[in-house]
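# Remarks on the overall topology
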Amino acid sequence: VVVVKVYVIYLEYLLNNLKLESDSRINNDLNDSKTIHPAFIFLQILPLLCLSCSHCQHNQRKSFGEGHEKFAKEGGGDLVQEYFSRTIVGSPLISKKPCLAYVQVDDDPRASVYAKMKTRSCEEVGFDHVGVVLPRNTSESTLLHRIRELNDDEHVSGIIVQLPLPSCISTQRVFEEISPEKDMDGVNPSNLVNLVIREKEPLYMPCTAKSCLYIIQKYCPSVIGKRVVVMGQSMIVGAPVAFSLQNMDATVTSCNIMTRNIEAITREADILVISIGNPLYVRGDWIKPGALVVDVGTSVVADAASKTGRRVVGDVNFSEAVKVAGHITPVPGGVGPMTNAMLLQNVFTAWRRANFPARLPYA
């Protein structure tokens, strides 16, 4: 039976994480209504699986307390609820749970952290998970064989491969091997091609790009004619975001850190999406007043004022940008948690498609 029993525990986990970032800057951000906080989106995946969702949502609101009640309403709470309100509430109770298989080559500490995050996310919404950790000297043929086994495993709903892969393995070849029906990060060529073609839709979109688009559509319901600048051209963020917004009739400019006079380009953007992996690169005076800023970057920088001697920042200088932007996603606590939620929703959708192809609509 797929029932979530630990959502209150996860609420406490999220709140504790927020308390870890309890310096004055973060506290001010939480009270700033133009800062987008989708971190609580995980709390709303409960209605996907729990038959008593309205009761759970009521308890969730009570759990926030006075301060977080305001936070939920003015920050990410409405965003979260609207997203999952379009999913099916009260799924049929069957013994087979949604299952995510994640594949990791090399036990790199950073990759292991991401893997643990996926594991915890699955456990806290009642999903099964399968971890495949292979040594760094794994050959490409061995990895491809393992992916084929996961493709054929009926218990596995979706597959995601942790990047980067060792240089001896072709990332593109690995993407091609993942079954499109189990391609949770939308990296199989068939999914990517359908993303580009206006008349078609991919089975799954890259989770990070999907989270960016959802945030954009929430705070800018119509992008027709809007000037959009996408900084970064990766196939899991920049490119799919740019293609999707072009298909929505936005005027999109794609650029990178080598683009000349880039600050002049960004100042014209109604919507600015940044994913370049360069900490604090975009300054406040690069941003058009009132613009929507989606910061995808995540980097660790030294910070003598922090207890750990370091802190996590995005590609945007938040303290400057928040004074200019109309809406902005913070780092941490912005696109990252939303991306994890999108991954879980993709897994759930794949599970529904495999078990109820005729009875249930696709998400």
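Let me sum up the structure you'll find in this document. (Residues numbered from 1 in each chain as written. Predicted model: local features only at pLDDT ≥ 70, side-chain atom pairs only at ≥ 80, totals over all residues. Heavy atoms only, no water.)

## Some remarks on the overall build of the protein chain
Condition: Working definition: helices are DSSP H or I runs of at least four residues, strands are E runs of at least two. Numbering for both runs from the N terminus. Note on classification: 1.4 Å probe, protein chains only; a residue is buried when its accessible area is under 20% of the maximum for its type, exposed when over 50%, partly exposed between these limits. It only takes one pair of heavy atoms within 4.5 Å for two residues to be counted as in contact. The Shrake-Rupley method, run with a 1.4 Å probe sphere, supplies the accessible areas, and residue values consider only the shown protein chains as cover.
Helix and strand counts for the protein chain come out as 14 helices and 10 strands. Sorting the 363 residues of the protein chain into buried and exposed places 51% on the buried side. Pairs at least 24 apart in sequence give 70% of the contacts found in the protein chain among residues at least 6 apart. Carbon and sulfur atoms make up 52% of the accessible area of the protein chain, which totals about 16700 Å².

## As for the packing of aromatic side chains
Our working rule: Ring pairs shown here join Phe, Tyr and Trp side chains whose ring centres sit within 6.5 Å, with only the six-membered ring taken for Trp; geometry is labelled stacked below 30 degrees between planes, edge-to-face above 60, and tilted in between.
This model, assessed by the stated rule, comprises 2 aromatic pairs. On the basis of an interplanar angle of 85 degrees and a centroid distance of 5.2 Å, the ring pair of Y281 and W286 is categorised as edge-to-face. Taking 5.2 Å as the distance between ring centres and 35 degrees as the angle between the ring planes, the aromatic pair formed by F348 and W351 counts as tilted. Of this pair, F348 and W351 both sit in helix α14 (residues 335–355), 3 residues apart, which is roughly one turn of that helix.

## Notes on a nonpolar patch on the surface
The condition is simple: By definition, no residue in a patch forms a salt bridge, and every one has over 30% relative accessible area; like charges are joined within 9 Å, nonpolar side chains (Val, Leu, Ile, Met, Phe, Trp, Tyr) within 5 Å. One side-chain nitrogen of Lys or Arg within 4 Å of one carboxyl oxygen of Asp or Glu is enough to make a salt bridge.
Taken together, the side chains of V193, V196 and I197 present a nonpolar region at the surface, about 210 Å² in accessible area. Looking at the secondary structure, you find I197 in the loop between α9 (189–196) and α10 (207–219).

## Quick look at the nonpolar core
Under the convention used in this document: Here, the term nonpolar core denotes a set of buried Ala, Val, Leu, Ile, Met, Phe, Trp, Tyr and Cys residues that are joined through side-chain atoms within 4.5 Å.
Among the nonpolar cores identified, the biggest contains 43 residues, and I216, V241, L245, I271, V273 and V294 are the most heavily contacted of them. No other element matches α14, which puts 9 residues into this core. Those residues in contact with I216 that lie beyond four places of it in its chain are P221, V223, L245, I271, V273, L292 and V294. Counting 19 residues, the second-largest nonpolar core is a separate cluster that includes V103, L144, I169 and V187.

## Notes on the sheet that holds strand β1 (residues 99–105)
Strand pairing in a sheet relies on backbone hydrogen bonds, with the paired strands running either antiparallel or parallel. This is how the line gets drawn: Think of it this way: DSSP has to see at least two bridges between two strands before they count as a pair. In this analysis an axis means a line fitted to C-alpha atoms, helices contributing only their contacting stretch, and an angle means the value between N-to-C directions, from 0 to 180 degrees.
Spatially, β2-β1-β3 is the arrangement adopted by the 3 strands of the open sheet, whose pairing is parallel. If you trace the sheet from one side to the other, it starts and ends with β2 (128–134) and β3 (158–161), each paired once. Pairwise comparison of adjacent strand axes, ignoring direction, gives a mean angle of 15 degrees for this sheet. Of the pairings in the sheet, the one linking β1 to β3 comprises 4 bridges and is parallel in character. Following the sheet pairing, A101 is matched in β3 by I159.

## Details of the pairing of strand β8 (residues 299–302)
Here β8 shows a buried face lined by S299 and V301 and an unburied face lined by V300 and A302. For β8 and strand β9 (residues 310–313), the ladder comprises 4 bridges, and the chain directions are antiparallel. Paired with V301 across the two strands is R311, which belongs to β9.

## Some words on helix α11 (residues 238–247)
One turn of an α-helix holds 3.6 residues; hence residues three or four places apart share an orientation. Taking burial as the measure, the 10 residues of α11 include 7 buried ones, the bulk of the element. Looking at α11, one finds that the buried residues are G238, A239, P240, V241, A242, S244 and L245. Packing partners of the buried residues in α11 comprise α9, α10, β4 (227–231), β5 (251–255) and β6 (271–274). Looking one or two places after α11, you find D249, whose phi comes out positive at around 70 degrees.

## Observations regarding the pattern of salt bridges
The full count for this structure, using the stated rule, is 9 salt bridges. Close ionic contact of E177 with R173 constitutes a salt bridge, the shortest N to O distance being 3.0 Å. Taken together, the residues span about one helical turn, with E177 and R173 both in helix α8 (residues 171–177) at a distance of 4 residues. For E177, a relative accessible area of 14% puts it in the buried group. Of the charged contacts, one joins K288 and D270 as a salt bridge, the two residues approaching to 2.7 Å between their closest N and O atoms. With K288 in the loop between β6 and β7 (292–295) and D270 in the loop between α12 (262–266) and β6, the pair connects residues that are 18 residues apart, well separated along the chain. D270 gets classed as partly exposed once you look at its relative accessible area, which sits at 22%. Connected via shared salt-bridge partners are R148, R173, E176 and E177.

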